[in-house]
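Tertiary structure, described
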Amino acid sequence: MRVLLVDDEEPARRRLRRLLADALPGAELLQAPDAASAETLLTEGVDLVFMDISMPGESGMSLTRRQPGAAPVIFVTAHSSYAVEAFEAHAVDYLLKPVSIDRLRQALDRLRHDPGGSAGTGPAMLAVRSQDRTRFFPVDEVTRVWASHKYTRFEHLGTEYSLDESLASLEHRIPQFLRVHRSHLVNAAFVSEIERADDGVAIRLTTGVRVPVSRRYLRAAKRGLGA
């Protein structure tokens, strides 16, 4: 297995090499201090990339967007503010420095469950940023997403959170999110029934929540649910 480490800081590369020697014994570890050097190695073929984002010259994010599908990418950065962009670029995972061995193994486990990486299917997580951390929520546990004033809200295991991503972006990158209203997406896995009432058509979720369905989206919603 050929693994490419891209980071302009040699101590960061050294630390990641040490962790990977334990987590991926036998892997061939290649290194690049910038995007230009990394691109050369990408053309020669690698199986996995650990990519820093903020580097002199071209950023790791820009290189990843220019080379879609070259290899699965796990971003490694000191900044939590790029999490949404990373997932939009179909990253396998997003690690914050300093990386722990447990978090590294979690990222590698995710890669093993999706050997081709996330490209083409979109990431299976929602990222919520706060001032000092980023929390990740599995899409399979999110029942619905909706627009509320200037915010995007979602429900995860009965609790509501705010998200820095638009409904349009979520609908595009997460196939199981169905648009049922200009302000609402639902997770198809949690739909229990479509019902009609005096106030119009609605979808009933397995949680008991009732979500309105607009006439504009009714046919597409039924098709998405196989109805």
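Procedures and definitions
- Residues numbered from 1 in each chain as written.
- Predicted model: local features only at pLDDT ≥ 70, side-chain atom pairs only at ≥ 80, totals over all residues.
- Heavy atoms only, no water.
- Helix = DSSP H or I, 4+ residues; strand = E, 2+ residues; numbered from the N terminus.
- Contact = heavy atoms within 4.5 Å.
- Areas by Shrake-Rupley, 256 points an atom, 1.4 Å probe, with all protein chains shown as cover.
- Lys, Arg positive; Asp, Glu negative; His and termini not counted.
- Charge placed at Lys NZ, Arg CZ, Asp CG, Glu CD.
- Pairing = 2+ DSSP bridges.
- Axes fitted to C-alpha atoms, helices over the stretch in contact; angles between N-to-C directions.

**Side note on the overall build of the protein chain**
A tally of helices and strands in the protein chain yields seven helices and 15 strands. Across its three principal directions, the C-alpha atoms of the protein chain cover 65 × 35 × 30 Å. Here the contacts in the protein chain between residues at least 6 apart in sequence split such that 50% fall between residues at least 24 apart. Per element, the accessible surface of the protein chain, about 11,700 Å² overall, is 48% carbon and sulfur. Of the side-chain charges in the protein chain, 30 are positive and 30 negative, and the distance between the mean point of each set is 6 Å.

**Topic: the sheet that holds strand β15 (residues 210-213)**
With respect to topology, three strands assemble into an open sheet ordered β13-β14-β15, the strand pairing being antiparallel. Strands with a single pairing partner mark the edges of an open sheet, and in this sheet they are β13 (191-197) and β15. Between one strand axis and the next, the sheet turns by 30° as a mean value, whatever way the strands run. Where strand β14 (residues 200-205) meets β15, four bridges bridge the pair, whose relative direction is antiparallel. Residue pairing in the sheet places Arg204 in a bridge with Arg210 of β15. Across the sheet, helix α7 (residues 215-224) is in contact with β13, β14 and β15; its angle to β13 comes to roughly 145°.

**Observations regarding the sheet that holds strand β5 (residues 93-96)**
The five strands are arranged β2-β1-β3-β4-β5 in an open sheet whose pairing can be described as parallel. Whereas interior strands pair on both sides, the edge strands pair on one side only; in this sheet they are β2 (28-32) and β5. Geometrically, the sheet is characterised by an average inter-axis angle of 20° between neighbouring strands, direction not taken into account. In this structure, strand β4 (residues 73-77) lies alongside β5, joined through four bridges in parallel fashion. Along β5, the bridge assignment pairs Thr77 with Leu96.

As far as function goes, none of this settles anything; it's purely spatial.
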